[in-house]
Amino acid sequence: MGSKRHWRIFINLAVVISLLCPLVLPSCAESTSTSPEIDTKQQHDKRMAWWREARFGMFIHWGLYAVPAGEWKGTTNHAEWILTTAQIPVKEYEKFCPQFNPVKFNANEWVRIAKEAGMKYIVITSKHHDGFCLWDSKLTDYDVIDATPFKRDILRELTGECKKQGIRMCFYHSIMDWHHPDYLPRRDWEKRSSEGADFSRYVAYMKGQVTEIIEQYDPGVLWFDGEWENTWDADLGDDLYAYVRSLKPDIIVNNRVSKGRAGMAGTYDPKKFSGDFGTPEQEIPATGLGYDWETCMTINNHWGYNKHDDNWKPTEDLIHKLVDIASKGGNFLLNVGPTAEGLIPRPSVERLQQMGDWLKVNGESIYGTTASPFRKLQWGRCTQKQLANGDTRLYLHVLDWPTNGKLELSGLDNKLLKAFLLARGEHSSLRTTRKGNDLIIDVPSQAPDPMVSVVALDIKGKPIVIEAPEIVADSDTFVDKVQVAIKSDVSF
Ligand code: GLC
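Residues numbered from 1 in each chain as written. Predicted model: local features only at pLDDT ≥ 70, side-chain atom pairs only at ≥ 80, totals over all residues. Heavy atoms only, no water.

A. Looking closely at the packing of helix α7 (residues 199-217) against helix α8 (residues 234-247). In the contact formed by α7 and α8, the axes pass within 10 Å of each other and the chain directions differ by 25°. Taken together, the axis directions place α7 and α8 in an arrangement best described as roughly parallel. Seen from above, α7 lies across α8 with right-handed handedness. Contacts between α7 and α8 involve Phe 199, Val 203, Met 206, Lys 207, Val 210, Thr 211, Ile 214 and Glu 215 on the former and, on the latter, Leu 236, Asp 239, Leu 240, Tyr 243, Val 244 and Leu 247. (Axes fitted to C-alpha atoms, helices over the stretch in contact; angles between N-to-C directions. Helix = DSSP H or I, 4+ residues; strand = E, 2+ residues; numbered from the N terminus. Parallel < 35°, antiparallel > 145°, perpendicular 65-115°, else oblique. Left-handed = near helix turned anticlockwise from the far one by under 90°. Contact = heavy atoms within 4.5 Å.)

B. Local environment of the site of the ligand. Taken together, 14 residues lie near the ligand, and His 61, Glu 80, Trp 81, His 128 and His 129 sit nearest. In the model, an oxygen atom of the ligand is placed 3.1 Å from a nitrogen or oxygen of the Asp 225 side chain. Contact distances for the ligand include 3.4 Å between an oxygen atom and a side-chain N or O atom of Arg 256. Coverage of the ligand by the protein chains reaches 95% of its 300 Å² of free accessible surface. (Near = heavy atom within 4 Å. Polar contact = N/O pair within 3.5 Å; in protein donor to acceptor, adjacent residues only side chain to side chain. Areas by Shrake-Rupley, 256 points an atom, 1.4 Å probe, with all protein chains shown as cover.)

C. Inspection of the sheet that holds strand β10 (residues 392-398) at higher detail. Strands sit in the order β9-β10-β15-β12 across an open sheet of four strands; the sheet is antiparallel. Unpaired on one side and paired on the other, β9 (380-386) and β12 (416-421) mark the two borders of the sheet. Between one strand axis and the next, the sheet turns by 20° as a mean value, whatever way the strands run. Two strands pair when backbone bridges link them, and β12 and strand β15 (residues 453-459) are joined in this way by five bridges, in the antiparallel orientation. Within β15, the position partnered with Phe 420 by the bridge is Ala 456. Sheet strands touched by helix α9 (residues 315-327): β9 and β10. Its angle to β9, the strand with the most contacts, is close to 55°. (Pairing = 2+ DSSP bridges.)

D. Looking closely at the pattern of salt bridges. All told, the structure shown has 39 salt bridges when counted by the stated rule. Salt-bridge contacts for Arg 47 lead to Asp 39; the nearest nitrogen and oxygen are separated by 2.4 Å. When its relative accessible area of 13% is taken as the criterion, Asp 39 is described as buried. The shortest N-O distance in the salt bridge between Asp 218 and Lys 248 comes to 2.9 Å. Here the residue Asp 218 occupies a position in the loop between α7 and β5 (221-225), and Lys 248 occupies one in the loop between α8 and β6 (252-253), the gap between them amounting to 30 residues. Shared partners join several salt bridges into a network, and the residues in it are Glu 364, Arg 393, Lys 418, Glu 426 and Asp 458. (Salt bridge = Lys/Arg side-chain N within 4 Å of Asp/Glu carboxyl O. Buried < 20%, exposed > 50% of the residue type's maximum accessible area, 1.4 Å probe, protein only.)

E. Highlighting helix α4 (residues 107-116). For α4, the full list of buried residues reads Ala 107, Trp 110, Val 111, Ile 113 and Ala 114. Within α4, the buried residues cover an arc of 150° as seen down the axis, which keeps them to one side. Elements that come into contact with the buried residues of α4 comprise β2 (56-60), β3 (121-127), α6 (154-165) and α10 (346-362). The backbone nitrogen of Asn 108 lies 3.0 Å from a side-chain oxygen of the residue at the head of α4, namely Asn 106. (Arc of directions from axis to C-beta.)

F. Highlighting the packing of aromatic side chains. Tallied over the entire structure, the rule returns 24 aromatic pairs. A centroid spacing of 6.0 Å and a plane angle of 20° characterise the contact between Phe 56 and Phe 332, whose relative ring orientation is stacked. With Phe 56 in strand β2 and Phe 332 in strand β8 (residues 331-336), the pair connects residues that are 276 residues apart, well separated along the chain. For Phe 56, a relative accessible area of 0% gives the class buried. When the centroid spacing of 4.7 Å and the interplanar angle of 85° are considered together, the rings of Phe 105 and Trp 110 count as edge-to-face. For Phe 105, a relative accessible area of 3% puts it in the buried group. (Phe/Tyr/Trp six-rings, centres within 6.5 Å; stacked < 30°, edge-to-face > 60°.)

G. Structural context of the packing of α9 against α10. Across the interface, α9 lies against α10 with an axial gap of 9 Å and an inter-helix angle of 50°. Taken as axis vectors, α9 and α10 run oblique relative to one another. In terms of crossing hand, the pair formed by α9 and α10 is right-handed. Of the residues in α10, those touching α9 at Thr 315, Leu 318, Ile 319, Leu 322 and Val 323 are Arg 351, Gln 354, Met 355, Trp 358 and Leu 359.

H. How the structure looks around the pairing of β8. Across the six residues that make up β8, a large majority, six, are buried. Taking every second residue as pointing to the same face, both faces of β8 are buried, with Asn 331, Leu 333 and Asn 335 on one and Phe 332, Leu 334 and Val 336 on the other. Strand direction decides the pairing type here: β2 and β8, joined by five bridges, are parallel. Across the sheet, the residue bridging to Ile 60 is Val 336, located in β8. Examined bridge by bridge, strand β7 (residues 294-298) and β8 share five bridges and lie parallel to one another. Paired with Met 297 across the bridge in β8 is Leu 334. In this region the chain leaves β7, passes through α9 and returns to the parallel neighbour β8; the handedness of that crossover is right-handed. (Right-handed = clockwise from strand over helix to strand, strands pointing away.)

Here it is as structure tokens:
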């Protein structure tokens, strides 16, 4: 245990010190979430198992909005929200239907791109806020078969390919619907009358559609969205969640099914609100959340296709984000917005290929891992995996490579079994030495991988980490006296 090593603390302040030592931190990876009254923790863990293992998925935003490609009457900053952001009346928006003919769409190719990127699941918009459906729904004509010249069931083709290529098919389904006459409220700029509209009829329609997609395509996840409007409430959320689970007991549902989400941070209280995972949007939480979560993010600035948007994130940045997310126990759902012809934009494909190349070598440090046992590492991130014999492999993702060839790791109190560069395999062992509380790993002076290099560290048992004490004060203004506390955490 950690008692062998002591942290020496010198404080030259006239202070009152209270020593809170040691505090045991729960691992950030540990999920305490059980959706209200439906699962035991054990059932919940079993249901979430494939999703936790997967860590990396592809989001696809595709629909009629690909036709205007982000541009309307000279304005160019639109995408899947274009009906609202450009204030296009529904009747006029419907005119995109005859233009939606993505003859270059090839389900085999899309799924191959996801698979080659190392992604394990796909979440595609069965219906986005505009109400247009990508499958042959019996409950509306506002779908790809009945309303467009394309007349091919996109969800069916993709589901078939996903089965063949071993990827989980999942659907994003919008609660908010700008097209259905019974959906309320109307947009405040709209002229469309709401007379006779009946929201409960809309809910029945949506449940009917959800039944269709579950029964026909057997999705792994239903990813709801658009829950923030005042017509939706937690009771409706609980009901929809329970309904979906009754149709497919092992399905996974995001927290946007209900009203618990705290804005873009995507956090929620899983004990109070329905949903199986949190949904941070375009951001990565500072630490793990104590329950399952998935950051969804765009590769450029928009979800749907925008022909003017060239603000592509560099591959290195995307890999760093994947690593950061995995180190906090989350999943990464990375978006592509295909064109109206049916192509995933080239810059997205290139980046995904490069991520896949990195994952082919380093995937072991991402898939099926759990969150870092360290509070913070100066040079990067860490994930971990339990080995069959109860020992642990730590994966040190070195984002900031030490050019002096000495990688320093503080506070790890376990017996070290071996250290090696993941890319070079278990036999390429690295020399290690102990210096006080630090473990020094001798590494090449140049990072072996230009994206992120991973050092694997096998240790006896579960990680025991002694964190350096933190000095915390209530106030950050110091005159001649300030009360501080020293906090020291040990995590097992
Ligand atoms: C937002 C947007 C939406 C997008 C989603 C992805 O909620 O309304 O357009 O689909 O984020 O998370």
